[in-house]
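# An overview of the molecular structure
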Amino acid sequence: METTQQADHQADHEDERLSTADRRRRQLLEAADRVVLRDGPKASMNAIAAEAGITKPILYRHFGDKAGLYQALAVRHTDALLASLRAALDAPTDRRHRVESTLDTYLAAIEARPQVYRFLMHPAEDSQPTDRGFDVGRHSAPLLRRLGEELAQVIAERVDLGPAGDRLARVWGHGIVGMLHAAGDWWLGERPCTRAELVTDLTDLLWGHLSTAGVLEGGPGF
């Protein structure tokens, strides 16, 4: 009995320790977010450590290295974006408006937090050689692939694309994400039109086959 009680106490202590570590990690990510919102791609480990009120070695202890911190921030923001995109796809409206709402959700996200978008997708061109910031190129491609796979799964679950449905869903998913990334990047930099105009134009581009595809039987509908 004493051994069981000791084990239970140790388990409770471990849960508390993990909870404390999780809270501390969340606080550090929030500090990193504040620096990214201020500095964009120029955000550095030194600045993030200073914002959090800790030394850089402590920051490394929590995330391993710059790549670990970048990955944690990328997951944090990608999870939030995916939740918003799923909500747009599940909106109780017709298919055309769902497509428009989904495209607008992505564009609204990068418009609302352009420094976060630039941090995740663009390296700092004028960083010093000793502090090159984050190796964005190595990590942004997996982020886009994740978005493409998630969208492909949504399409496969909702739209009847025939015998080659799984393949077409992945083609469409990655194609739409690539289109949105390229068009959104260009639009954010040049602002050649309103967001609403860009959404309409991109929806027109996508609408051909999508407008005629049937709803997958047994799926959540689209």
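Quick summary incoming for the structure in this document. Just so it is clear, the structure is predicted and the values come from calculations on it, not from any experiment. (Residues numbered from 1 in each chain as written. Predicted model: local features only at pLDDT ≥ 70, side-chain atom pairs only at ≥ 80, totals over all residues. Heavy atoms only, no water.)

So, on to the overall build of the chain. Along the chain, the regular secondary structure elements total nine helices and two strands. Along its sequence from the N terminus, the chain presents helices and strands in the succession α-α-α-α-α-α-α-β-α-α-β. Split into buried and exposed, the 222 residues of the chain put 39% on the buried side. Long-range contacts, defined here as pairs at least 24 residues apart, represent 68% of the contacts in the chain between residues at least 6 apart. (Helix = DSSP H or I, 4+ residues; strand = E, 2+ residues; numbered from the N terminus. Buried < 20%, exposed > 50% of the residue type's maximum accessible area, 1.4 Å probe, protein only. Contact = heavy atoms within 4.5 Å.)

Turning next to helix H5 (residues 95-112). For H5, with 18 residues, the first-to-last C-alpha span of 25 Å sits near the 26 Å given by 1.5 Å per residue. The residue sitting at the N-terminus of H5 and contributing the capping side-chain oxygen is Asp94; that oxygen lies 3.2 Å from the backbone nitrogen of Arg96. (Expected span 1.5 Å × (residues − 1). Polar contact = N/O pair within 3.5 Å; in protein donor to acceptor, adjacent residues only side chain to side chain.)

Moving on, we get to the packing of aromatic side chains. Tallied over the full model, the rule gives one aromatic pair. The side chain of Arg96 reaches across the aromatic face of Trp207, ending 5.7 Å from its centre. In this structure, Arg191 packs its charged tip against the face of Trp187, placed 4.5 Å from the ring centre. (Phe/Tyr/Trp six-rings, centres within 6.5 Å; stacked < 30°, edge-to-face > 60°. Lys NZ or Arg CZ within 6 Å of the ring centre and 35° of its normal.)

A separate point is the pattern of salt bridges. It is possible for side chains bearing opposite charge to pair when their charged atoms get close. On inspection of all chains with the given rule, the structure shows 13 salt bridges. The salt bridge involving Arg38 is made with Glu51; its shortest N-O contact spans 3.8 Å. One end of the pair, Arg38, is in helix H1 (residues 2-39); the other, Glu51, is in helix H2 (residues 45-52), with 13 residues separating them in the sequence. The class of Arg38 is partly exposed, set by a relative accessible area of 49%. Residue Arg96 pairs with Glu100 through a salt bridge whose shortest N-O separation is 3.1 Å. Remark: Glu100 and Arg96 occur in helix H5; sequence separation between them is four residues, near one turn of the helix. (Salt bridge = Lys/Arg side-chain N within 4 Å of Asp/Glu carboxyl O.)

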